[in-house]
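# Structure assessment
These are the residues of each chain, in order.
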Amino acid sequence: MVYQTPIRRANYPAYKSPYGPKYHYQPNIAGWTIKQAMGLGLKTGAFGGVALFAVIYYASGMPRVQRDILQKIPFIGGYFVKEIPASDNPF
């Protein structure tokens with residue numbers, strides 16, 4: 001067999017132009033950078049807040065939800081207190 005002679009290169013440092021891009025290490029976890037994780041967290045929180053509002057709005061007619069959750073919210077809790085007049089009480 002004939003082997004090629006390896007090419008010997010001089011140990012010169014690689015030229016780096018001062019006008020070229022400035023590459024640096026970007027820390028990540030499983031490919032997610034801190035900036036991407038913050039954006040994902042913000043979007044996830046927004047969708048979660050909208051979903052929570054939708055569930056509370058949908059379930060606001062249920063007496064148990066009104067007593068346990070909605071009456072304990074400051075400023076609007078009094079709106080969900082249902083007082084039954086004595087004349088309507090069958091007992």
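Sequence order as written defines residue numbering, which begins from 1 separately in each chain. For a predicted model such as this one, the threshold for reporting local features is a pLDDT of at least 70, and the threshold for listing and counting side-chain atom pairs is 80 or more; totals across whole chains, interfaces and linings nevertheless cover every residue. Computation of side-chain values: all heavy atoms of the structure, hydrogens and water removed.

### Here we look at the overall build of the chain
Helix and strand labels come from DSSP, where a helix needs a run of H or I of at least four residues and a strand needs a run of E of at least two; each type is numbered from the N terminus. Along its length, the chain carries 2 helices and 0 strands. In the form shown here, the chain has an accessible surface area of approximately 9,500 Å², with 66% of it arising from carbon and sulfur atoms. In short, Shrake-Rupley with a 1.4 Å probe defines the accessible areas, and a residue's cover is counted only from the protein chains shown.

### A few points about the side chain of Ser 60
Along the chain, Ser 60 falls in the loop between helix H1 (34–59) and helix H2 (63–68). Side-chain atoms alone can form a polar contact between residues adjacent in sequence; in general such a contact is a pair of N or O atoms within 3.5 Å, and within protein one must be able to donate a hydrogen while the other accepts it. Here the side chain of Ser 60 touches Tyr 57 through a polar contact of 3.0 Å, landing on its backbone oxygen.

### Quick notes on the pattern of salt bridges
For this document, the term salt bridge refers to a Lys or Arg side-chain nitrogen within 4 Å of an Asp or Glu carboxyl oxygen. Under the counting rule described, the total for this entry stands at 1 salt bridge. Notably, a salt bridge pairs Arg 64 with Asp 68, separated by 2.5 Å at the nearest N-O pair. Of this pair, Arg 64 and Asp 68 both sit in helix H2, 4 residues apart, roughly one helical turn. Taking the relative accessible area as the measure of exposure, Arg 64 reaches 56% and is therefore exposed. Using a 1.4 Å probe on the protein chains alone, a residue whose accessible area is under 20% of its type maximum counts as buried, one over 50% counts as exposed, and one in between counts as partly exposed. On the basis of relative accessible area, Asp 68 is assigned to the partly exposed category, the value being 35%.

### Let's talk about the packing of aromatic side chains
Any pair of Phe, Tyr and Trp rings, taking the six-membered ring for Trp, is counted once the centres come within 6.5 Å. Such a pair is stacked with planes under 30 degrees apart, edge-to-face with planes over 60 apart, and tilted for the rest. Across all of its chains, the model carries 2 aromatic pairs by this definition. Measuring from centroid to centroid gives 6.3 Å for Phe 53 and Tyr 57, while their planes differ by 15 degrees, and the two rings are stacked. Highlighted residues: Phe 53 and Tyr 57, both in helix H1, separated by 4 residues, approximately one helical turn. Each member of the pair Phe 53 and Tyr 57 is classed as exposed. Relative to Phe 80, the ring of Tyr 79 has its centre 5.0 Å away and its plane inclined at 85 degrees; by these criteria the two rings are edge-to-face. Using a relative accessible area of 63% as the deciding quantity, one classes Tyr 79 as exposed. The positively charged end of Lys 82 is found above the aromatic ring belonging to Tyr 79, 5.8 Å away from the centroid. To sit over a ring, a charge needs its Lys NZ or Arg CZ within 6 Å of the ring centre and within 35 degrees of the ring normal.

### Describing the side chain of Thr 33
Among the secondary structure elements, Thr 33 is positioned in the segment before H1. The contact definition used throughout considers only heavy atoms, calling two residues in contact when any of these lie within 4.5 Å. Apart from residues lying up to four places away in sequence, Thr 33 is in contact with Gln 26, Pro 27 and Asn 28.

### Structural notes on a nonpolar patch on the surface
Residues Ile 69, Ile 73, Phe 75 and Ile 76 make up a contiguous nonpolar surface patch of roughly 440 Å² in combined accessible area. For Ile 69, the location among the structural elements is in the segment after H2. Distance thresholds for patches are 9 Å for like charges and 5 Å for nonpolar side chains (Val, Leu, Ile, Met, Phe, Trp, Tyr), applied to residues having over 30% relative accessible area and no salt bridge.

### Quick look at unusual backbone geometry
The phi dihedral of Ala 30 is positive, around 55 degrees, even though this residue is not glycine. By the element assignment, Ala 30 lies in the segment before H1. Backbone geometry at Phe 75 places phi at a positive 75 degrees, although glycine is not the residue there. Tracing the backbone through its elements, the reader meets Phe 75 in the segment after H2. On the basis of relative accessible area, Phe 75 is assigned to the exposed category, the value being 90%.

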